[in-house]
Amino acid sequence: MKLVSRVTGKEIKQGRKLRGQAGAAAPHAWRFERINLHRDGIHRVHVSRPGGKLGRIHRAFHPGDFGCEVRVEITWRRSVRHAVWRTWSKVDDYLLAGLFALVPLAFFEHFHWADAIMSMLGMGHE
């Protein structure tokens, strides 16, 4: 996610000053902290400004209040790479679990079926 100015089209980095243009953000200069996705599916810009004795005042505004917009850029390569990584991590976990499950089975087979296997192969003691 990037915060982009509608006027210049350039990305605004975290820590930069934003001037409020509309709404409750209008009379102040705010420091851009991060972008939050709210429950309603709309992105909000989390900003702060000095608050005197109270420290910093934190608020969340719509990006349009600062003349900006949020751009979500997910390339197909990143999504494919992420899907492959998640799939491989699951396969790897299951292979390791299968290996641990085979060890007790091998010991069981070795001790309980050793005589039967030896006699079937013709290697029994005579």
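The structure we're discussing is the one just above.
A quick note: this is a predicted structure, and the numbers were derived from the prediction, not measured.

## Here we look at the nonpolar core
Reasoning step 1: Core analysis: the largest hydrophobic core is formed by twelve residues, namely Leu-3, Ile-12, Leu-18, Ala-25, Trp-30, Phe-32, Ile-35, Val-45, Val-47, Phe-61, Phe-66 and Cys-68.
Reasoning step 2: Looking at this core, the elements that each hand over two or more residues are strand S4 (29–37) and strand S5 (43–50).
Reasoning step 3: Per-element tally for this core: the top contributor is S4, with three residues.
Reasoning step 4: Sequence-distant contacts of Cys-68, that is, excluding residues within four places in its chain, are made with Leu-3, Val-4, Ser-5, Arg-6, Ile-12, Leu-18 and Pro-63.

## Description of the sheet that holds strand S1 (residues 2–5)
Reasoning step 1: An order of S2-S1-S7 is seen for the three strands of this open sheet, with the pairing classed as antiparallel. What marks the edges here is a single partner per strand, and that holds for strand S2 (11–12) and strand S7 (68–71).
Reasoning step 2: Relative to S7, S1 runs antiparallel, the two sharing four bridges. Paired with Lys-2 across the strands is Arg-71, a residue of S7.

## A word on the sheet that holds strand S6 (residues 56–61)
Reasoning step 1: Reading across from one edge, S3-S4-S5-S6 is the order of the four strands in this open sheet, with antiparallel pairing throughout. Each edge of the open sheet is held by one strand with a lone partner, namely strand S3 (17–19) and S6. Strand-to-strand, the axes of this sheet are offset by a mean angle of 45°, without reference to chain direction.
Reasoning step 2: Sheet topology note: the S4/S5 ladder contains six bridges and is antiparallel. In the sheet register, Asn-36 faces S5, and the bridge partner there is Arg-44.

## Focus: the environment of Asp-92
Reasoning step 1: Along the chain, the position of Asp-92 falls in helix H1 (residues 76–112).
Reasoning step 2: Take Asp-92: its relative accessible area is 39%, and that puts it in the partly exposed class.
Reasoning step 3: As for Asp-92 and His-58, which are separated by 34 residues in sequence, their C-alpha atoms are 44 Å apart.

Quick notes on the rules
Residues numbered from 1 in each chain as written. Predicted model: local features only at pLDDT ≥ 70, side-chain atom pairs only at ≥ 80, totals over all residues. Heavy atoms only, no water. Core = buried A, V, L, I, M, F, W, Y, C linked by side-chain atoms within 4.5 Å. Buried < 20%, exposed > 50% of the residue type's maximum accessible area, 1.4 Å probe, protein only. Helix = DSSP H or I, 4+ residues; strand = E, 2+ residues; numbered from the N terminus. Contact = heavy atoms within 4.5 Å. Pairing = 2+ DSSP bridges. Axes fitted to C-alpha atoms, helices over the stretch in contact; angles between N-to-C directions.

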